[in-house]
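Each chain, written out:
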Amino acid sequence: MSFSRDGKARIPESAQTEGEFLESILPVQSFVHLTTRHSMSSDHLKSIFRAWILGIQKHHGVTVGWVRSIENFPMRHIHAALVATVPIDCNYAAAFWQTLAAPGYSDAAVVKPYRKGQCGMGYVLKQLNCPANMIQFSENIPAFAEGSGCSRFSTTPAQRRQHRRIRKKLIQMHSPLR
């Protein structure tokens, strides 16, 4: 998806700034707009989203992080940015969402390669200042951040192993011999 100057005008400055910062430190691979054919609860939508992420991870053989916003108007839907160490197969991701959330509804998913500088992350974060915002980050998102050091928060051994795997992939991704 591309954003014109008019599109950026609808995104609060704080969301644009935060989006630009996240773009600069995360390997964002895809911009996503996900809908369903019928209205569903936020919890059910989150559950389908989790299953979708697991399916994308299985398909690609890598860990996927995300930044997600759930909007309620005109119907509950998701805007997200997918973070990974490899490009996301956008056609697979869209078809898989359609299978999980909206069989037969061809407009259920728009999954596009992420283009830096187009304010896609800002669009995901556009509700940043709303009192009941539904913006969430995957638990593994800090592992993808370039230059991330040790966490000040306690982690489990499984989280530390995942963090090391992601960091290793990021190093390989930036290696000149790749």
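Quick look at the structure, then. These numbers were taken from a predicted model, which means no experiment stands behind them. (Residues numbered from 1 in each chain as written. Predicted model: local features only at pLDDT ≥ 70, side-chain atom pairs only at ≥ 80, totals over all residues. Heavy atoms only, no water.)

### Focus: the sheet that holds strand β3 (residues 77-83)
Overall, antiparallel pairing links the five strands, which are arranged β4-β1-β3-β2-β5 in an open sheet. The open sheet has two free edges, formed respectively by β4 (109-113) and β5 (135-137), since each of these has just one partner strand. Averaged over neighbouring strand pairs, the angle between their axes works out to 15° when direction is ignored. Pairing of strand β1 (residues 28-34) with β3, which is carried by six bridges, proceeds in the antiparallel orientation. Each residue of the ladder has a partner; that of His33, found in β3, is His79. Contacts from helix α4 (residues 90-101) reach β1, β3 and β4 within the one sheet, and its direction differs from that of β4 by about 165°. (Pairing = 2+ DSSP bridges. Helix = DSSP H or I, 4+ residues; strand = E, 2+ residues; numbered from the N terminus. Axes fitted to C-alpha atoms, helices over the stretch in contact; angles between N-to-C directions. Contact = heavy atoms within 4.5 Å.)

### What to know about a positive patch on the surface
Residues Arg160, Arg161, Arg164 and Arg165 make up a contiguous surface patch of positive charge. Note on placement: Arg164 falls in helix α7 (residues 157-174). (Patch = residues over 30% accessible without salt bridge, like charges linked within 9 Å, V, L, I, M, F, W, Y side chains within 5 Å. Areas by Shrake-Rupley, 256 points an atom, 1.4 Å probe, with all protein chains shown as cover. Salt bridge = Lys/Arg side-chain N within 4 Å of Asp/Glu carboxyl O. Lys, Arg positive; Asp, Glu negative; His and termini not counted. Charge placed at Lys NZ, Arg CZ, Asp CG, Glu CD.)

### Structural notes on the pattern of salt bridges
All told, the structure shown has one salt bridge when counted by the stated rule. Lys126 is the partner of Glu71 in a salt bridge, and the nearest nitrogen-oxygen pair spans 3.4 Å. Linking Glu71 in strand β2 (residues 65-71) with Lys126 in the loop between α5 (120-124) and β5, this pair joins segments that are 55 residues apart in sequence. Take Glu71: its relative accessible area is 9%, and that puts it in the buried class. (Buried < 20%, exposed > 50% of the residue type's maximum accessible area, 1.4 Å probe, protein only.)

### Topic: helix α3 (residues 42-60)
Its 19 residues place the ends of α3 27 Å apart at the C-alpha level, agreeing with the 27 Å of an ideal helix rising 1.5 Å per residue. Taken together, the buried positions of α3 are Ser42, Leu45, Lys46, Ile48, Phe49, Trp52, Ile53, Gly55, Ile56, Gln57 and His60. Against the buried residues of α3 lie β1, β2, β3, α4, β4 and β5. Phi turns positive, to about 70°, at Gly61, one or two residues after α3. (Expected span 1.5 Å × (residues − 1).)

### What about the side chain of Gln29?
Within the fold, Gln29 resides in strand β1. The residues touching Gln29, leaving out its near neighbours within four places in the chain, are Leu82, Val83, Ala84, Val86, Pro87, Ile88, Lys112, Pro113 and Tyr114.

### Description of the nonpolar core
One broad rule of soluble globular proteins: the nonpolar side chains tend to lie buried together. Ranked by internal contacts, the top residues of the largest apolar core, which has 27 residues, are Leu34, Phe49, Trp52, Ile78, Leu82, Trp97 and Val111. Among the secondary structure elements, those contributing two or more residues to this core are β1, α3, β2, β3, α4 and β4. Non-local contacts of Trp52, meaning those with residues more than four positions away in its chain, are made with Val32, Leu34, Leu82, Ala93, Phe96, Trp97, Leu100 and Val111. Cys119, Val124, Phe144 and Leu170 belong to the second-largest nonpolar core, a separate cluster that totals 24 residues. (Core = buried A, V, L, I, M, F, W, Y, C linked by side-chain atoms within 4.5 Å.)

### A short note on the pairing of β3
Of all seven residues in β3, seven are buried; the element is thus mostly enclosed. Side chains His77, His79, Ala81 and Val83 project from β3 onto one buried face, and the interleaved Ile78, Ala80 and Leu82 project onto a second face that is buried too. Pairing between β2 and β3: seven bridges, direction antiparallel. The residue of β3 that forms the bridge with Trp66 is Leu82. A loop of five residues connects β2 with β3, the two strands running antiparallel in sequence.

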